[in-house]
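Observations on the three-dimensional arrangement
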Amino acid sequence: MADKINPVDLRILKLLSKNSRLTYKELAELLGTTRQRISRRMNRLEQSGVILKYTVIPDYDALGYIHVVLGITLKPGADVDEAIEALKKEEHVKVIQRALGSHNLVIHVTGPKDMKELERIISEISKKVPAIDHMDVTFITETIKFETL
């Protein structure tokens, strides 16, 4: 990005992380600026790749799904990129994150509330990554806060 991220950009991003449906007009009013300035800043943020995606955070329980986080530790020397490519193709894998610390990858999975079916899904996912040394499974029961900035 030719322009540096400025304080207005950060304020825009923080507001959008709380409600990505805000219009340019609403953002302008909240920030005390013009809709045209917001439009220019948004175009720059999108073009530069700072804003990757606008999305919805569903209530998985209300939809009849379970949200599970898998912490995956690969065997020493394993190819993380190879594991990522295998996981990208999995229908139930919704988020893939590289990580440092206890795990190499953190994977968010959604599946039905049927525990046998969920067990099958997790087993299938683990088979796609033969270099797994250890995998921790965490069931998300409620999302209290979800902000990106």
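Here goes a summary of the coordinates provided. (Residues numbered from 1 in each chain as written. Predicted model: local features only at pLDDT ≥ 70, side-chain atom pairs only at ≥ 80, totals over all residues. Heavy atoms only, no water.)

Looking at a nonpolar patch on the surface
Taken together, the side chains of I5, L10, V50 and L149 make up a nonpolar region of the molecular surface, amounting to roughly 320 Å² of accessible area. When you line up the elements, L149 lands in the segment after β4 (132-140). (Patch = residues over 30% accessible without salt bridge, like charges linked within 9 Å, V, L, I, M, F, W, Y side chains within 5 Å. Areas by Shrake-Rupley, 256 points an atom, 1.4 Å probe, with all protein chains shown as cover. Salt bridge = Lys/Arg side-chain N within 4 Å of Asp/Glu carboxyl O. Helix = DSSP H or I, 4+ residues; strand = E, 2+ residues; numbered from the N terminus.)

Focus on the sheet that holds strand β1 (residues 65-74)
Paired through their backbone hydrogen bonds, the strands of a sheet run either parallel or antiparallel. The strand order across the open sheet built from 4 strands is β2-β3-β1-β4, with neighbouring strands paired in antiparallel fashion. Here the strands that pair on one side only, and so sit at the sheet edges, are β2 (93-98) and β4. Adjacent strand axes in the sheet meet at a mean angle of 20°, parallel and antiparallel pairs treated alike. The pairing of β1 with β4 spans 8 bridges and is classified as antiparallel. (Pairing = 2+ DSSP bridges. Axes fitted to C-alpha atoms, helices over the stretch in contact; angles between N-to-C directions.)

Describing the environment of T148
Note on placement: T148 falls in the segment after β4. As a C-alpha pair, T148 and L13 span 135 residues in sequence and 8.6 Å in three-dimensional space.

Quick word on the packing of helix α2 (residues 24-31) against helix α3 (residues 35-47)
Interhelical geometry of α2 versus α3 gives an angle of 110° and a closest axis separation of 8 Å. One finds that α2 runs roughly perpendicular with respect to α3. Along its contact with α2, which presents Y24, K25, L27, A28 and L31, the element α3 presents R35, I38, S39, M42 and E46. Residues of the contact of α2 with α3, tallied by class, amount to 6 nonpolar, 1 polar and 3 charged. (Parallel < 35°, antiparallel > 145°, perpendicular 65-115°, else oblique. Contact = heavy atoms within 4.5 Å. Nonpolar A, V, L, I, M, F, W, Y, C, P; charged D, E, K, R; others polar.)

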